[in-house]
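Letter by letter, the chains look like this.
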Amino acid sequence: TIGLLLVLMFASPCRAQTTWHTNSGNGHEYAAIPAGSDWQATQQSAINLGGNLVTINDAVENVWLRTTFAYTRFDWMWIGMHETDYNLRTWAWISGEPVTYTNWAPGEPSGPGAEHWVAMEGTRFWDGQWADLRDTWPPSFGFVHIGVVERSQTAQAVPEPASALLLISSVPVVLWIR
C-alpha cells in the first residue's frame with residue numbers, strides 16, 4: 001500500500017516530453033508547445049513550464065527561432081507580444097521587456113478591433129514575419145499552430161497540478177484500506 005502511494009505521488013500522468021533548445025546567443029532555453037485554444041491558454045502553458053511565450057529582441061533571434069522550430073512545420077507560432085492599449089495600438093512583451101525589435105509583415109499590424117495577439121508566420125505567407133491575430137485560431141483552415149516558451153536556464157518548471165491532485169485524491173483510498 002505504501003509503495004503504491006509513493007508511485008502515485010511521484011508519477012507524472014500523461015505528460016508529454018518537452019524538448020528544450022538552448023540559444024547560445026543569450027543562454028535561454030526554448031521549447032515548442034502545442035497551441036492552446038487561444039493565446040492566453042498557450043501563455044498559461046508557458047508559465048506552467050517556468051517561462052513565458054517568447055520575447056524576440058533582434059533579427060538574429062527571430063531567424064534562430066524560425067529555423068530551430070522549422071521541424072514542427074508550423075504555420076503560425078504564438079509569440080509573447082500583445083496589444084496593451086487598443087486605442088493607441090501599443091504593443092508590449094508579456095515578459096515586461098521593452099519592445100526594441102519588430103518584424104511585422106507588410107500591412108501588419110492590420111487589425112484594429114479584435115486582433116490583439118501576435119504570431120510569427122512559418123511557411124505559408126511571410127516566412128518568419130509577424131502578424132496581429134485574433135485570440136483564437138480559425139478552426140477550419142487546417143493550419144499547424146504552436147507556441148514557443150522561453151525561460152532562462154535557471155528557471156525551474158512549476159510542479160504539474162495533476163500530480164498534486166492525484167496525491168490528494170489518493171489519501172481517502174489509503175485511509176479506507178486501513
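Residues numbered from 1 in each chain as written. Predicted model: local features only at pLDDT ≥ 70, side-chain atom pairs only at ≥ 80, totals over all residues. Heavy atoms only, no water.

Some thoughts on the nonpolar core
Which entries qualify depends on this criterion: To form a nonpolar core, buried Ala, Val, Leu, Ile, Met, Phe, Trp, Tyr and Cys residues must be joined to one another through side-chain atoms within 4.5 Å. Exposure classes here rest on a 1.4 Å probe applied to the protein chains alone. A residue is buried below 20% of its type maximum, exposed above 50%, and partly exposed in between. Secondary structure elements are taken from DSSP: a helix is a run of H or I of four residues or more, a strand is a run of E of two residues or more, and numbering for both begins at the N terminus.
I56, L65, F69, I79 and W130 are the most contacted members of the largest nonpolar core, which totals 19 residues. When residues of this core are assigned to their parent elements, the largest contribution, three residues, is made by strand 4 (residues 76–85). Ranked by size, the runner-up nonpolar core spans nine residues in total, among them L53, W76, W78 and W117.

Notes on the side chain of T55
In plain terms, the rule: Here a polar contact is taken to be a pair of N or O atoms separated by no more than 3.5 Å, where protein atoms must pair a possible hydrogen donor with a possible acceptor and residues adjacent in sequence count only if both atoms sit in side chains. Should any heavy atoms of two residues lie within 4.5 Å, those residues are counted as being in contact.
Relative to the helices and strands, T55 resides in the loop between strand 3 (52–53) and helix 3 (59–68). Residue class for T55 comes out buried when judged on its relative accessible area of 1%. A polar contact is formed between the side chain of T55 and the side chain of S95, at a distance of 2.8 Å. Those residues in contact with T55 that sit more than four places away from it in its chain are E61, W93, S95, E97 and E150.

Geometry only, nothing functional implied.
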